[in-house]
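# Close look at the chain arrangement
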Amino acid sequence: MANPWTGEVAIRLDGTRHVAKLTLGALAELEAGLGTGTLIELVERFEVGRFSTRDVLMLIVAGLRGGGWTGTAADLLNVEVGGGPVEAARVAAELLARAFTVPEAG
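Thresholds, definitions, all that
Residues numbered from 1 in each chain as written. Predicted model: local features only at pLDDT ≥ 70, side-chain atom pairs only at ≥ 80, totals over all residues. Heavy atoms only, no water. Helix = DSSP H or I, 4+ residues; strand = E, 2+ residues; numbered from the N terminus. Buried < 20%, exposed > 50% of the residue type's maximum accessible area, 1.4 Å probe, protein only. Contact = heavy atoms within 4.5 Å. Salt bridge = Lys/Arg side-chain N within 4 Å of Asp/Glu carboxyl O. Pairing = 2+ DSSP bridges. Axes fitted to C-alpha atoms, helices over the stretch in contact; angles between N-to-C directions. Parallel < 35°, antiparallel > 145°, perpendicular 65-115°, else oblique. Left-handed = near helix turned anticlockwise from the far one by under 90°. Nonpolar A, V, L, I, M, F, W, Y, C, P; charged D, E, K, R; others polar. Phe/Tyr/Trp six-rings, centres within 6.5 Å; stacked < 30°, edge-to-face > 60°.

## Structural notes on the environment of Leu 30
Within the fold, Leu 30 resides in helix 1 (residues 24-34). By relative accessible area, Leu 30 is classed as buried at 3%. Separated by 29 residues in the primary sequence, Leu 30 and Leu 59 place their C-alpha atoms 6.9 Å from one another. Discounting chain neighbours no more than four positions away, the residues touching Leu 30 are Leu 39, Leu 42, Met 58, Leu 59 and Ala 62.

If you want it as C-alpha cells, here you go:
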C-alpha cells in the first residue's frame, strides 16, 4: 500500500503495481520538462480541470522516477495503465496534492 504521509501514490502499469511520489528531485525534473511555466501553473491547471494529457504523462513519469523507476516518458507510450486515462489523471492529481499538502489524520 502507498504511504500518503510520504506522498506516495500507487499506480498499475501492465498489471504491475508501482509506487510513485514527487520527491524534490522529481519535482525539479518535472519543472525542467515543462519548458515554460511553473509548478504553480501546473497545479492551477489541475485545480480548474484544464490539464493536458502531456501534463498527466509528465507527472506520472516524475512520480514514478521519484519512486525509484528508471524509465522515461517513451516507455509509458505503450503501457496499459490500470483504470485507463481517467485513473492516470487521478493519480497525477493525487501526486500533486500529496506533494504540497499534509494528509489529515484519519
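## Here we look at the pattern of salt bridges
Counted under the stated rule, the structure contains five salt bridges. Salt bridges linked by common partners bring Glu 87, Arg 90, Glu 94 and Arg 98 together as one network.

## With respect to the environment of Thr 70
Looking at the secondary structure, you find Thr 70 in the loop between helix 3 (53-66) and helix 4 (73-76). The spatial distance from the C-alpha of Thr 70 to the C-alpha of Leu 34 is 19 Å, given a sequence separation of 36 residues.

## Comments concerning the pairing of strand 1 (residues 9-13)
Along strand 1, the buried face is formed by Val 9, Ile 11 and Leu 13; none of Ala 10 and Arg 12, which line the opposite face, is buried. Pairing geometry for strand 1 and strand 2 (residues 16-20), over five bridges, is antiparallel. Within strand 2, the position partnered with Ile 11 by the bridge is His 18. Linking strand 1 to strand 2, which pair antiparallel, is a turn of two residues; within it Asp 14 sits at a positive phi near 50°.

## Here we look at the packing of helix 1 against helix 3
One can describe the packing of helix 1 onto helix 3 by two numbers: an axis separation of 9 Å at closest approach and a directional angle of 150°. For the element pair helix 1 / helix 3, the angle class is roughly antiparallel. Taken as a pair, helix 1 and helix 3 cross one another with a handedness that is right-handed. Residues Ala 26, Glu 29, Leu 30, Gly 33 and Leu 34 of helix 1 form the contact with helix 3, whose participating residues are Arg 54, Met 58, Leu 59, Ala 62, Arg 65 and Gly 66. Grouping the amino acids of the contact of helix 1 with helix 3 by side-chain chemistry returns six nonpolar, two polar and three charged.

## Description of the packing of aromatic side chains
For the coordinates displayed, the defined rule picks out one aromatic pair. Taken together, a centroid distance of 4.3 Å and an interplanar angle of 5° make the contact between Phe 46 and Phe 51 stacked. Given a relative accessible area of 12%, Phe 46 falls into the buried group. When its relative accessible area of 31% is taken as the criterion, Phe 51 is described as partly exposed.

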